[in-house]
Structures are given as structure tokens and as C-alpha cells.
Amino acid sequence: MATRFEIVLPGDDSARLRAAAEEAFDEIERLEAQLSLFRPTSEIANINARAAREPVRVSPETFRLLQHAARLSAETGGAFDITIAPLMRAWGFVNGSGHLPEPGQLAAARACVGMNLVQLDAEAHAVRFARPGVMLDLGAIGKGYAVGRAAELLRDAGISSALIHGGTSTVCAIGHPPDAEAWRIAVEYPRPGSAGVPPAGFSNEQLATGRRDAGAPRPAEHSTSLLANIELRDEALSMSAGWGKSFQANGRKYGHVLDARTGEPASKALLAVAITTCATETDALSTALLTFGPAGMDPISALRPGLRAVVVADGGDSGRYQIESRGVAVLPLV
């Protein structure tokens, strides 16, 4: 998955803990081989190669994940969509840092995107595409699914306290550490310059409201500041942001998170965080929140009872951040 996975396992029985961790890492490797777009022997690569011509049978596990992805796509109105691969190729984000697509290339890619083009046969566990050119890319859900499966194996092994993360963007907490009531996860404000405007901060009074515009701009020499210290206990957290892969053209920065509905890079938010009990869903919902921007907080939060979330957007000409938060205390930017 082109990222680093780590597991923290507190305890004295190092042999048992190491064995449990190795089993969890083996599961992540197995899922990489099964779900990666880039491995020609994976089930996803096999679907992409054949499903436009014929139904392709897949394992029950992969089929259930595709069904889950289809439900999430429907629930988010297409803001999360695993058929994004043609657009990722058009924008040059598959094997590079991105480039502007030709208009004809972009139009052709958009015609191949949408879950309505994917037919899932539950009886046969088979996948069929409605037209050539459709491709699946589980990049916005696969990491969360792998972290969640690793957590399940640790629980099955009797582990009651652990923290698993993939690429520092999806983390799953089991129980709590021995010296605290919850695992604490630090999330930083967007990086300076990611919005094309000066970073900004909050006053204490503004922290009490659900929707806030930031206060005075933060000095440019401060490179990072904490957005929130989030406590997790038997929960997962995912963060989505556009700066992982990006390029600049015509005075604008284009990020690698694409909006399947428009064919363009998501531009309505700089950072989005989703927190709930399922890592698969936090991975997908943080992507949907980043795509929607602050306006998506209410509809996305309504999808899952108890969902906690934060969205940070560029405040435009104000030179300030706009933030929506549900169930997360946002820290003042200093």
C-alpha cells in the first residue's frame, strides 16, 4: 500500500505480543496482494483486466468489501467512489506526482467513472463492468480495511490494548494504554502554504461554536501547530488531505484526492478527519468529507450515530481557516 504500518502493543509477554503483531502484519500483506491495483495477480487487477468483457468471480471477502464500498458511495452521493482509477490516471497520479490532463482525456475518464457502471452479482460473487475503461481503485478504503482486519486478529489473539496505524493517516485503537484511559492522537493543522493563503488561528471564544472562522493569521515561521488531541478507545480515526501528492500549474495547487462527481481534484477542504468504530468507514468517510468540504459535515455526520469529525477549509480572502467540528475540541492555533 506504499505506506508504513506500525503496531504498538504494551505488555510484559513480549513473545506473545510479537507473535500477535506478526500475524497482523501478515494479514496486511495478504490484503495488499489481494486488493492492490498495482499487483497484476491481485483480485482487483483481475477485475480491471476482464470485467468489461465478462463477469469476474472474486472471493467472498473481496465481494463483501466491494458491496460495502458501493453502499458508502451511495450514502455519500458519490463523494467516495472506488471507480476513481480512470481519473487518477488522467491526472497523472497513478505513477507520478500529477499533471494537467488534456480535455479529451479528462472527458473520456469521466465517462468511465461511477458506481452505476459496476454490477455486483451477489449470488455468483461476480463483478461486471457496464463499459470498457472502468477501473477500480481501493486506495481510499483499502488501508482502513487492512487496519481494521489487523485489529480483529489482535482481538482474536486476546490483545486488549493496542494501537495500529497505516501511514499515520488511519489509526485504530484497541482498549487503552496501561497508564491512561484512552489513546491520544495528535492531528496537525494544514501545512503552511497548502491553501495558498497564510495559516490562521482561533480565539478561545470561537472554539465554543460548531462552525467557526479563524482569527488573526499565524506567523509564517511557525511550520506546524496542533489542530486537536483526540482520544480514542475502541475507535478508528482517518485523516484525508490533498498534500500527499500534488503539483502546481497556472498558479494553482492540485492535490491527489479527486472528486468523482466533477472529475477535478477536491478543492473545498484542506483536511478532513473522521472517527467512528470501523476503520474501513473512517477511511472512506474522511475522503468524502474532504471532497464535500465544510458543507458536508451535517450530511456525513448523520450517516453514522456517534461519528466525530473535523473539516478544515481555506477561508478565502479572509486569510483565515474555516473549520467545522463535531465531537472534537479544536485547539487554538498558536
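Since this is a predicted model, take the numbers as computed values, not measurements.

Asks: Tell me what's going on with the pattern of salt bridges, and back it up with residues and numbers.
Replies: Summed over all chains, the structure comprises 15 salt bridges. Residue E27 is joined to R30 by a salt bridge in which the shortest nitrogen-to-oxygen separation is 2.8 Å. Of this pair, E27 and R30 are both found in helix α1 (residues 14–35), 3 residues apart, which corresponds to roughly one turn of the helix. Residue class for E27 comes out buried when judged on its relative accessible area of 8%. Residue classification places R30 among the partly exposed residues on the basis of a relative accessible area of 34%. Residue R326 pairs with D298 through a salt bridge whose shortest N-O separation is 2.6 Å. Taken together, the positions of R326 in strand β17 (residues 321–326) and D298 in helix α8 (residues 297–301) put the pair 28 residues apart, joining distant regions of the chain. Given the relative accessible area of 25%, R326 is considered partly exposed.

Asks: Just give me the short version of the sheet that holds strand β4 (residues 126–129), but keep the residues and values in it.
Replies: Strand order in the open sheet formed by 3 strands is β2-β4-β3, and the pairing between neighbours is antiparallel. On the outer flanks of this sheet lie β2 (56–57) and β3 (118–121), each paired with one strand and no other. Both β2 and β4 contribute to a ladder of 2 bridges, which runs antiparallel. Considered in β4, the bridge of V56 is made with V127. Along the sheet, helix α3 (residues 60–75) makes contact with β3 and β4, crossing β3 at roughly 130°.

Asks: I'd like to hear about the packing of α1 against helix α6 (residues 142–156), residue by residue, with values.
Replies: Helix-helix packing is described using two parameters, namely the angle between the two axes and the distance between the axes. Contact geometry for α1 and α6: axes closest at 9 Å, N-to-C directions at 145°. Regarding α1 and α6, the two cross each other, and that crossing is right-handed. Here A20, A21, E23, A24, E27, I28, L31 and L35 of α1 come into contact with α6, specifically with Y145, A146, R149, A150, L153 and L154. By residue class, the composition of the contact of α1 with α6 is 11 nonpolar, no polar and 3 charged.

Asks: Give a description of a negative patch on the surface that names residues and reports values.
Replies: Together, E22, E23, D26, E29 and D156 make up a region of like negative charge exposed at the surface. At 4 residues, the largest contribution of residues to the negative patch is made by α1. Note on E22: relative accessible area 39%, which makes it partly exposed.

Asks: Any chance you could break down the packing of α3 against helix α7 (residues 279–292) for me, citing the residues and the numbers?
Replies: For the pair α3 and α7, the least separation of the axes is 11 Å and the interaxial angle reads 40°. As judged from the angle between their axes, α3 and α7 are oblique. When the axes of α3 and α7 are compared, the crossing they make is right-handed. Only T280, E281, A284 and L285 of α7 make contact with α3, whose side of the interface consists of L65, H68 and L72.

Asks: Please provide a residue-by-residue account of the packing of aromatic side chains, values included.
Replies: Applying the stated criterion across every chain yields a total of 5 aromatic pairs. Ring geometry for F93 and F247: centres 5.9 Å apart, planes at 45°, overall tilted. Of the two residues, F93 is situated in the loop between α4 (85–90) and α5 (103–110) and F247 in strand β11 (residues 246–249); the sequence distance between them amounts to 154 residues. In this pair, the class of F93 matches that of F247, namely buried. An aromatic cluster is built from W91, F93, F247 and Y254, whose rings are joined through pairwise contacts. Over the face of the ring belonging to F292 we find R261, whose NZ or CZ atom lies 4.6 Å from the ring centre.

The rules behind each value
Residues numbered from 1 in each chain as written. Predicted model: local features only at pLDDT ≥ 70, side-chain atom pairs only at ≥ 80, totals over all residues. Heavy atoms only, no water. Salt bridge = Lys/Arg side-chain N within 4 Å of Asp/Glu carboxyl O. Helix = DSSP H or I, 4+ residues; strand = E, 2+ residues; numbered from the N terminus. Buried < 20%, exposed > 50% of the residue type's maximum accessible area, 1.4 Å probe, protein only. Pairing = 2+ DSSP bridges. Contact = heavy atoms within 4.5 Å. Axes fitted to C-alpha atoms, helices over the stretch in contact; angles between N-to-C directions. Left-handed = near helix turned anticlockwise from the far one by under 90°. Nonpolar A, V, L, I, M, F, W, Y, C, P; charged D, E, K, R; others polar. Patch = residues over 30% accessible without salt bridge, like charges linked within 9 Å, V, L, I, M, F, W, Y side chains within 5 Å. Areas by Shrake-Rupley, 256 points an atom, 1.4 Å probe, with all protein chains shown as cover. Lys, Arg positive; Asp, Glu negative; His and termini not counted. Charge placed at Lys NZ, Arg CZ, Asp CG, Glu CD. Parallel < 35°, antiparallel > 145°, perpendicular 65-115°, else oblique. Phe/Tyr/Trp six-rings, centres within 6.5 Å; stacked < 30°, edge-to-face > 60°. Lys NZ or Arg CZ within 6 Å of the ring centre and 35° of its normal.

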